[in-house]
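A closer look at the structure
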Amino acid sequence: MRRAVCPGSYDPATNGHLDIVERAAQLFDEVVVAVGVNKSKKGLFELEERLDMLREITSKLPNVRIDSWEGLLVDYCRENDIVAIAKGLRSVSDFDYELQMAQMNRELTGVETLLMANNPVYGFVSSSLVKEVAALGGDVENLVPPVVYERLSEKFPKLGR
């Protein structure tokens, strides 16, 4: 079985994230959507909330499972027999950063990284931008899956009004 991981903070998950996960799921036998745990950072959504939303978002994808990890991603890959890391690229700056990470990860454990060009429709979408716009009452409904929009609406009652 060939496994890949789609790592991220997913705080919150966006339609761009979902696009990469769906495309990776077509390429691998199993895709693990793994939420990174950074105890020094306080996110908008708690870890369990992010995991729950991701489970709902990916429920139609039978070869996708949701998990979390702490520490080095390559250690998680080794422990879970994951051969590739699948990441989306929105811009040249993403490429510069992700290329360095891919080279480091390959050097550390031999795990390969698949850098996937984003769907241009989502080229400007990031979790941090979604949170910022939502906090200011902007409408982000077309940028995130419905369950994420519902949860954002609970956090930001003026969302989209």
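Everything below is about the structure printed above this text.
Let me sum up the structure you'll find in this document.

1. Notes on empty space enclosed by the protein
One pass over the full model with this rule turns up 1 cavity of 30 Å³ or more. Considered as a void within the structure, the largest cavity measures approximately 40 Å³ in volume. Where the lining of the largest cavity is concerned, the elements lending two or more residues are α1 (15-27) and α2 (47-57). With 3 residues, α1 is the largest single contributor of residues to the lining of the largest cavity. Counted by class, the lining of the largest cavity contains 6 nonpolar, 2 polar and no charged residues.

2. Side note on the pairing of strand β2 (residues 30-36)
Where burial is concerned, most of β2 is hidden: 6 out of the 7 residues are buried. Regarding topology, α1 serves as the crossover connection from strand β1 (residues 3-8) to the parallel β2, and that connection is right-handed. For β2 and strand β3 (residues 64-69), the ladder comprises 6 bridges, and the chain directions are parallel. Within β3, the residue paired with V31 across the bridge is V64. In this region the chain leaves β2, passes through α2 and returns to the parallel neighbour β3; the handedness of that crossover is right-handed.

3. Notes on the sheet that holds strand β5 (residues 112-117)
Strands sit in the order β3-β2-β1-β4-β5 across an open sheet of 5 strands; the sheet is parallel. Whereas interior strands pair on both sides, the edge strands pair on one side only; in this sheet they are β3 and β5. Taken pair by pair, the neighbouring strands of this sheet meet at an average axis angle of 30°, ignoring direction. Where β1 lies against strand β4 (residues 84-89), 2 bridges are found, and the strand directions are parallel. Looking at β4, one finds that V5 is bridged to I85. Each of β1, β2, β3, β4 and β5 touches α1; the most contacted strand, β5, lies at about 125° to it.

Scoring rules and cut-offs
Residues numbered from 1 in each chain as written. Predicted model: local features only at pLDDT ≥ 70, side-chain atom pairs only at ≥ 80, totals over all residues. Heavy atoms only, no water. 1 Å grid on protein atoms, 1.4 Å probe; cavity = no way out; pocket = protein on both sides within 12 Å on 5 of 7 lines; lining within 4 Å. Points joined across faces, edges and corners; volume = space filled by probe spheres on them. Helix = DSSP H or I, 4+ residues; strand = E, 2+ residues; numbered from the N terminus. Nonpolar A, V, L, I, M, F, W, Y, C, P; charged D, E, K, R; others polar. Buried < 20%, exposed > 50% of the residue type's maximum accessible area, 1.4 Å probe, protein only. Right-handed = clockwise from strand over helix to strand, strands pointing away. Pairing = 2+ DSSP bridges. Axes fitted to C-alpha atoms, helices over the stretch in contact; angles between N-to-C directions. Contact = heavy atoms within 4.5 Å.

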